[in-house]
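Notes for the structure review
Residue strings, one per chain:
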Amino acid sequence: MQNDGGSKAPQSLIPSGDQTVWTDVSSLLHSACTDLWDGELIHGENFNLFSAMSALEIMDPKMDSGIVCKYYSVDEAIENGAAPIPVSSDKTDDVQCVIDIMDHLLACEATWHKGHSLAQTVFSCIYLLRLERTSSHALLYSYCRVTRATCNAVVSAVSEARTHEEEDIFTMAYGLPLKGDGDEKCVSMLHAVDETISRQLRACKAPLSKKRVLEDIEPLQINPDLEEGYCTAVVCRLRFRKHFHHVITCMRRPQGRGFELARKHIASCLSELECILKSAVFIRSNCACGSCEGEIDNKTTASGRQPIGFDPTLNSRLCAPTPPRAIKILSWKKAIEYFQKLLHDLDIICSFPLDPLFEGVLNFVTEFQKLQPDLVARAHLQLLLVQDGKLYGREPVFAVICKSAALPEVAKNHDIQKNEFISQLGQLVLTSLKILCTNAAWQRRKLGKIIQDWRIMYLQLELAFRKDFGELPSTSNDENVSVKISKHILVWVEEQTYWIALRFLLLGFELELYSPNDYCMVYWYIYVVSIKLAEKTHLKLTSNNDNAKRKGKKKKDHLKDAAKVYQFPPVVLLLQCQIYLAEGLTMRFFQHFELLQKACIPDQMSYLSFSESTNHARFSTLHMYNYFKDAQKIAKELKSSFSGNPDRLAELRRIEQVAEHNAIALNLVCRLGTLDPSLKVYFEYSHHSHFATAVVKRS
Amino acid sequence: MDEERVKEGEEECEIEYVSYGGEHHLPLIMNLVDQELSEPYSIFTYRYFVYLWPNLSFLAFHKGKCIGTVVCKMGEHRNTFRGYIAMLVVLKPYRGKGIATELVTRSIKVMMESGCEEVTLEAEVTNKGALALYGRLGFIRAKRLFRYYLNGVDAFRLKLLFPRPELSSGHLIVENEDMPHEESQPELSSGHLIVENEDMPHEESQRH
């Protein structure tokens, strides 16, 4: 601000706004400062921690983002030439500049997907903030338009999934211009530009004899030697944009009807991404960007140049409620890798055969989550599974439950579904499915809470059925269908409760929540829960007259789960060389398993029973060795049962490896343990994500 | 909030530990924290903690120089009276000597005496030093918080439960028979999988 003698208010570049004027309050502030004692604070009544943390010290660049702003507003930036149109007066340079903008926009989009705000990423592009002014530049305009429309579609998809994971920031647009009139036609506009440049590409590649016919096509840029390279580079970027937009819109079609088409577009996207990567060679050979080999990989453009027309500080006022910190945009290379992964994950969703079996859905979701998909992919999975209160938008939940509970087909039409608790159960199932699609950290917390709901559900159903149908007979007489259905449903509810409890426990490994001291009790708990799960599944299947073969497979499946878990606790005990009975450990036990204990999962398990059972577990090492051998044997046997199932076979192979390595380690410790005090045992998760392999080394 | 990276060691070295004594300590704390952390806190944030809970903040001095500090709060949170460790810093050259552990321990002691049922804090999943320090003090990793920090790093919510009278072995005792034992490899038929239990006693002793 100018200081002209201090007699009148200095001129300000910032307009004062409606009904207000700027005035100088320096002397007022000065007197206020001398009036307050050290440590005195003037604050409003509701000044709490949140207010304190949101407060900022004006003119501290770490907090006051206005200080680092170059321009006060978008309009000021444009007036000062921050986003020229055309980008460069030289046609060739203009094309290269537009390519830089496209690349940086892609990097911004990937950064946004990864969890940053739209305002600081995609909408840091001035061209996007004032899209209509680019309409004279067909290439830039159409590209930006489709980008904006795709972002809008993605925001809409994630908003609809509405699980409010920690990534809330993703959908916040804060008044940014995400929608525009006529955006439905943006793809055809892009297609038209694509056609033009494709013609230019054909023209420059045509042999001289044909060139006379195509002579009236104006080239993309002025240097004929560079025409082919630039046309190719631009066309693959346009096509990627087009196909990606189609992927998102196809996948939104209800009941997975657009999946087959989406897969075709995904394949096209991946192929265009390859093309984009290859174009970097040409682009770099023509650009004097001054970056050396290593540095260029960190840049947000293929050329390594800074793109024109981006300013993330312009939107800082749109990033409520606290001032934004500067963020780092993903590099161009990492952005492409992100989109490749996203497309692969979406492809897997699109290839899901919409298994009508509930177990199939659970397995699919569990396997899918192992890929560690990001928010956009997870949201699309959730949108597929839960639509209009039905599975895949078409299977009524009660029918799904009946099938999963091994009830005959006719059961799904039974009146029992009008029972209010049955409909609540349906809601619980859908909510649980949605939770299973979220990120692991959030998922585990929500699963822990929803276990209570499953337990309460069981109790309510039990009470309701008892009231409606009287005491459930121990030997089911098929004349009373309602009784049969209610029995099956109760067992099914228990089975799902244990499944969720198991998932809760296993997720702790992925999230690294357990320290080695905790393994003993974690595995014990897993063992106990798995046994219960196997028991319920078995009960469900044996109370039915289905074909024996299917029954046999399922039984083995879950008993295998129980068997493999059973092998573990003894070894952990031995190798740790101590059993925790101290009172101190009770605290850890309760902390870790509080949520499960509250839901009585499983019934009456307590620290005391844990310590008792581990007390009894002081058995000979030979027995322990045999458990691993048994696990290997069972795994081998099961391979034939699951010959058509690659996921199960992979799991069995992993179990075999864990068992084999642990058997060897155990052998070593037994033979050398007492003789060689320098032997140390470590646990690694090298072969399996939640069953540790013991490694014996000399320290 | 942010935790500073700390290492542990054994030897003591003439360190003087002082409880927060007033305004004259505030700039010392602020300088330490500002210096070591990239995330800025406004002065209001500091004042919020040290004004309301001066007995929970401690400073460590070496030859008159402030080389470490811990800043905490406590209060009612969803029916639990809990302590919260907001900031912990020790200057780099003084790390590995147990100073951070001592600062934290003093604060936790006051929390316990004041009736706290538990203590909690957040730490970056990559902050091995802090995780080791608190692990040794008995904190468990209660939750993982996805992308908690602005740089995209996850955090662990660490929690320490104080011993409570109702958790002695008197309650929640159940007889468990036939827990599958090791002498005979259990045949995994349904008969051996069912554990016989008595009725669940003491509903009221369920913790929240």
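Residues numbered from 1 in each chain as written. Chains lettered and ligands numbered in written order. Predicted model: local features only at pLDDT ≥ 70, side-chain atom pairs only at ≥ 80, totals over all residues. Heavy atoms only, no water.

If you check an unreviewed UniProt entry, chain B appears there as N-acetyltransferase domain-containing protein from Daucus carota subsp. sativus. Of chain B, the UniProt comment under Sequence similarities (unreviewed entry) reads exactly: "Belongs to the acetyltransferase family. MAK3 subfamily." (UniProt positions renumbered as here; feature names shortened; annotations may be inferred.)

As annotated in an unreviewed UniProt entry, chain A is N-alpha-acetyltransferase 35, NatC auxiliary subunit from Daucus carota subsp. sativus. According to UniProt, the comment filed for chain A under the heading Subcellular location (unreviewed entry) is "Cytoplasm". Recorded in UniProt under Sequence similarities (unreviewed entry), the annotation for chain A is "Belongs to the MAK10 family."

So, on to the overall build of chain A. Along chain A, the regular secondary structure elements total 25 helices and five strands. Across the 699 residues that make up chain A, the buried fraction comes to 53%. For chain A, long-range pairs separated by at least 24 residues make up 75% of all intrachain contacts whose partners lie at least 6 apart in sequence. When the accessible surface of chain A is split by element, carbon and sulfur atoms take 54% of a total near 33,000 Å². (Helix = DSSP H or I, 4+ residues; strand = E, 2+ residues; numbered from the N terminus. Buried < 20%, exposed > 50% of the residue type's maximum accessible area, 1.4 Å probe, protein only. Contact = heavy atoms within 4.5 Å. Areas by Shrake-Rupley, 256 points an atom, 1.4 Å probe, with all protein chains shown as cover.)

Looking only at helices and strands, chain B has five helices and seven strands in total. In chain B, which comprises 208 residues, the proportion classed as buried is 52%. Here the contacts in chain B between residues at least 6 apart in sequence split such that 67% fall between residues at least 24 apart. For chain B, the accessible surface area stands at approximately 9,800 Å², while carbon and sulfur atoms represent 51% of it.

The subject of this paragraph is the environment of Val33 of chain B. All names here are of chain B. Within the secondary structure layout, Val33 lies in helix α1 (residues 26-36). What makes Val33 buried here is its relative accessible area of 1%. In this structure, the C-alpha to C-alpha distance between Val33 and Leu88, residues 55 residues apart in sequence, is 8.1 Å.

By the definition in use, this model includes 28 salt bridges over all chains. The partner of Arg95 of chain B in a salt bridge is Glu36 of chain B, with the nearest N and O atoms 3.0 Å apart. Residue Arg95 of chain B is found in the loop between β4 (80-90) and α3 (99-113), and its partner Glu36 of chain B is found in helix α1; the two are separated by 59 residues along the sequence. For the salt bridge of Glu102 of chain B with Arg106 of chain B, the shortest nitrogen-to-oxygen distance reads 2.7 Å. With Glu102 of chain B and Arg106 of chain B both in helix α3 and four residues apart, the pair spans about one turn of that helix. On the accessibility criterion, Glu102 of chain B (27% relative accessible area) is partly exposed. A single network of salt bridges, built from pairs that share partners, joins Asp93, Asp100 and Arg305 of chain A. (Salt bridge = Lys/Arg side-chain N within 4 Å of Asp/Glu carboxyl O.)

Next up on the list: the packing of aromatic side chains. Residue and element names in this part refer to chain A. For the structure shown, the criterion picks out 14 aromatic pairs over all chains. With a centroid separation of 5.7 Å and 10° between ring planes, the pair formed by Phe240 and Phe244 is classed as stacked. Highlighted residues: Phe240 and Phe244, both in helix α9 (residues 224-252), separated by four residues, approximately one helical turn. In this structure, Phe240 and Phe244 share a single accessibility class: buried. Ring centres 6.1 Å apart and planes at 65° place the aromatic pair Phe352 and Tyr392 in the edge-to-face group. You can see Phe352 sitting in the loop between α12 (332-350) and α13 (358-369) and its partner Tyr392 sitting in the loop between β2 (390-391) and β3 (395-396), a full 40 residues away along the chain. The exposure classification of Phe352 matches that of Tyr392, with both residues buried. Put simply, the rings of Phe240, Phe244, Tyr338 and Phe339 pair up and form one aromatic cluster. In this structure, Arg444 packs its charged tip against the face of Phe504, placed 3.9 Å from the ring centre. Just above the ring of Trp442 sits the side chain of Lys446; from NZ or CZ to the centre is 5.0 Å. (Phe/Tyr/Trp six-rings, centres within 6.5 Å; stacked < 30°, edge-to-face > 60°. Lys NZ or Arg CZ within 6 Å of the ring centre and 35° of its normal.)

A word on the nonpolar core. Counting 237 residues, the largest nonpolar core has Leu385, Leu425 and Leu461 of chain A together with Ile85 and Tyr134 of chain B as its most contacted members. For this core, the leading source of residues is helix α18 (residues 481-510) of chain A, giving 15 residues. Residues in contact with Leu425 of chain A, not counting those within four places in the same chain, are Ile401, Trp454, Met457, Leu461, Ile489, Trp492 and Val493 of chain A. (Core = buried A, V, L, I, M, F, W, Y, C linked by side-chain atoms within 4.5 Å.)

Here the focus is the sheet that holds strand β7 (residues 155-161) of chain B. Residue and element names in this part refer to chain B. Across the sheet, which stays open at both edges, the seven strands sit in the order β1-β2-β3-β4-β5-β7-β6 with mixed pairing between neighbours. Looking at the sheet topology across the chains shown, the edges are occupied by β1 (15-19) and β6 (140-145). Strand-to-strand, the axes of this sheet are offset by a mean angle of 25°, without reference to chain direction. Docked against the sheet, α3 engages β1, β2 (58-62), β3 (65-77), β4, β5 (118-124) and β7, running at close to 160° with respect to β4. (Pairing = 2+ DSSP bridges. Axes fitted to C-alpha atoms, helices over the stretch in contact; angles between N-to-C directions.)

A covalent bond between the sulfur atoms of two cysteines is what we call a disulfide. Residues and elements named next belong to chain A. By the definition in use, this model includes zero disulfides over all chains. For the unlinked cysteine Cys144, the closest cysteine sulfur is that of Cys125, found at 5.0 Å. Owing to a relative accessible area of 0%, Cys144 belongs among the buried residues under this scheme. Free cysteine: Cys350, not disulfide-bonded; nearest cysteine sulfur from Cys250 at 8.5 Å. (Disulfide = S-S within 2.5 Å.)

Right, let's talk about α1 of chain B for a bit. Residues three or four positions apart in an α-helix share a direction because the helix packs 3.6 residues into each turn. Residue and element names in this part refer to chain B. Within the span of α1, buried status applies to Leu26, Ile29, Met30, Leu32 and Val33. Buried residues along α1 cover an arc of 165° about the axis, so they all sit on one side. On the buried face of α1, the contacting elements are α2 (43-52), β2, β3 and β4. (Arc of directions from axis to C-beta.)

Quick look at a nonpolar patch on the surface now. On the surface, a cluster of nonpolar side chains totalling about 410 Å² of accessible area is made up of Leu56, Ile58, Met59 and Ile67 of chain A. In this structure, Leu56 of chain A sits in the loop between α2 (49-54) and α3 (74-79). (Patch = residues over 30% accessible without salt bridge, like charges linked within 9 Å, V, L, I, M, F, W, Y side chains within 5 Å.)

With an omega of -5°, the peptide bond between Ile85 of chain A and Pro86 of chain A qualifies as cis. Positionally, Pro86 of chain A belongs in the loop between α3 and α4 (91-113). Residues other than glycine seldom take positive phi values, yet Lys63 of chain B does so here, at roughly 50°. Residue position: Lys63 of chain B is located in the loop between β2 and β3. Phi at Arg147 of chain B takes a positive value of approximately 50°, unusual for a residue other than glycine. Mapped onto the elements of the fold, Arg147 of chain B is located in the loop between β6 and β7. The class for Arg147 of chain B is partly exposed, based on a relative accessible area of 23%.

Moving on, we come to the side chain of Ser88 of chain A. Residues and elements named next belong to chain A. When you line up the elements, Ser88 lands in the loop between α3 and α4. Classification of Ser88 as buried rests on a relative accessible area of 13%. A polar contact of 3.1 Å, which involves the side chain of Ser88, links it to the side chain of Asp93. In contact with Ser88, not counting residues within four places along its chain, are Asp93, Asp94 and Cys97. (Polar contact = N/O pair within 3.5 Å; in protein donor to acceptor, adjacent residues only side chain to side chain.)

Residue and element names in this part refer to chain B. With 71% of its residues at a pLDDT of 70 or more, chain B has an overall mean of 76. The low-confidence segment residues 5-12 (pLDDT under 50) makes 26 contacts with residues lying over four places distant or belonging to another chain. Counting interchain partners and residues more than four positions distant, the pLDDT-below-50 stretch residues 167-208 has 85 contacts. Taken together, the chains of this predicted complex give a pTM of 0.79 and an interface ipTM of 0.74. (pLDDT = per-residue confidence, 0-100.)

On to the sheet that holds strand β1 (residues 386-387) of chain A. Residues and elements named next belong to chain A. If you trace the three strands from one edge of the open sheet to the other, you get β1-β2-β3, paired in antiparallel fashion. Sheet topology places β1 and β3 at the edges, where each strand pairs with a single neighbour. Across two bridges, β1 lies against β2 in antiparallel orientation. Looking at the pairing, Gln387 lines up with Lys390 of β2.

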